[in-house]
Amino acid sequence: MVKNTGWISFKCFYDKYGHLVPVEGEQDIPFQIKRVYYIYSVDDGVRRGFHSHNKLEQALICIHGSVKILVKNPYESENILLDDPTKALYIGPMVWREMYDFSSDAVLLVLASGHYDVGDYVRDYSKYEKAALNYFKRGENEGNEHTVCNF
Ligand code: TYD
């Protein structure tokens, strides 16, 4: 997978009453959850995201429907299908992401390690590319690369 990304699998409890998936900060995901947001009712053809974060870590769970995520850095990229509510895509610092092909019933839940901070965003791709060329070359990502289990 692209550096600073990975899969996380959750336990799913199911019986005749339905399915239940618990997600605990610092246990099931490798950070303390400080913020939760969700994206839904995204129109056909919409593509969003187009940014990276300097420090923020996130776990993306498509709890209903499906969505595709492009994750990339200047050296590698991957298109990932999220369609399983028992799996999260971990995205650490300095990973460019775009979200697209939302099914009409998609609900994308995002768990974040920090509060909303506009200063942590990099939205200009050429600025991102310059910073990421350095970041990944210097191997500063190594700590994060291994923080995620089950991928
Ligand atoms: P935006 O960052 O543009 O979403 P995406 O990158 O997924 O396309 O966010 C849309 C709006 O929501 C924008 O006005 C900022 C606001 N917002 C918050 O107020 N808090 C949050 O935690 C997030 C993620 C967005």
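Remember, it's a predicted structure, so these values are computed and weren't measured experimentally. (Residues numbered from 1 in each chain as written. Predicted model: local features only at pLDDT ≥ 70, side-chain atom pairs only at ≥ 80, totals over all residues. Heavy atoms only, no water.)

1. Some details on the overall build of the protein
Within the protein, the secondary structure is distributed over two helices and 12 strands. Moving toward the C terminus, one meets the helices and strands of the protein in the order β-β-β-β-β-β-β-β-β-β-β-β-α-α. By the compact-globule yardstick of 15 Å for 151 residues, the protein fits well, its C-alpha radius of gyration being 15 Å. Along the first, second and third principal axes, the C-alpha atoms of the protein reach 50 × 35 × 25 Å. For the protein, buried positions account for 42% of its 151 residues. (Helix = DSSP H or I, 4+ residues; strand = E, 2+ residues; numbered from the N terminus. Rg over C-alpha atoms; globule rule 2.2 N^0.38 Å. Buried < 20%, exposed > 50% of the residue type's maximum accessible area, 1.4 Å probe, protein only.)

2. What to know about the packing of aromatic side chains
Applying the stated criterion across every chain, the model contains seven aromatic pairs. The interplanar angle of 70° and the centroid separation of 5.9 Å between the aromatic rings of tyrosine 116 and tyrosine 121 together place this pair among those described as edge-to-face. Residue tyrosine 121 is classed as buried on the basis of its relative accessible area, which comes to 18%. Taken together, the ring pairs in this structure connect Trp96, Tyr125 and Tyr128 into an aromatic cluster. Cation over ring: arginine 47 sits above tyrosine 100, and NZ or CZ is 4.2 Å from the ring centre. (Phe/Tyr/Trp six-rings, centres within 6.5 Å; stacked < 30°, edge-to-face > 60°. Lys NZ or Arg CZ within 6 Å of the ring centre and 35° of its normal.)

3. Points about the site of the ligand
Taken together, the residues surrounding the ligand are Arg35, Tyr37, Ile39, Arg48, Gly49, His51, Met99, Tyr116, Tyr121 and Arg123. Contact between the ligand and histidine 51: an oxygen atom at 3.3 Å from a side-chain N or O atom of the residue. Secondary-structure elements contributing two or more residues to the shell around the ligand are β4 (35-40) and β5 (48-53). Taken together, the residues of the shell around the ligand sort by class into five nonpolar, two polar and three charged. (Near = heavy atom within 4 Å. Polar contact = N/O pair within 3.5 Å; in protein donor to acceptor, adjacent residues only side chain to side chain. Nonpolar A, V, L, I, M, F, W, Y, C, P; charged D, E, K, R; others polar.)

4. Concerning the pattern of salt bridges
Counted under the stated rule, the structure contains three salt bridges. Between aspartate 101 and lysine 68 there is a salt bridge; the shortest N-O distance is 2.9 Å. Of this pair, aspartate 101 sits in the loop between β10 (96-100) and β11 (107-112) while lysine 68 sits in strand β7 (residues 67-73), placing them 33 residues apart in sequence. Taking relative accessible area as the criterion, aspartate 101 reaches 44% and is therefore assigned partly exposed. (Salt bridge = Lys/Arg side-chain N within 4 Å of Asp/Glu carboxyl O.)

5. A word on the confidence of the model for the protein
Looking at the protein as a whole, the pLDDT averages 93, with 91% of positions reaching at least 70. When the criterion is pLDDT under 50, residues 146-151 qualifies, and its contacts beyond four places in sequence or with other chains add up to 16 contacts. (pLDDT = per-residue confidence, 0-100. Contact = heavy atoms within 4.5 Å.)

6. Side note on helix α1 (residues 125-137)
Spanning 13 residues, α1 covers 18 Å between terminal C-alpha atoms, matching the ideal 18 Å at 1.5 Å per step. Among the residues making up α1, those that are buried are Tyr128, Ala132, Tyr135 and Phe136. (Expected span 1.5 Å × (residues − 1).)

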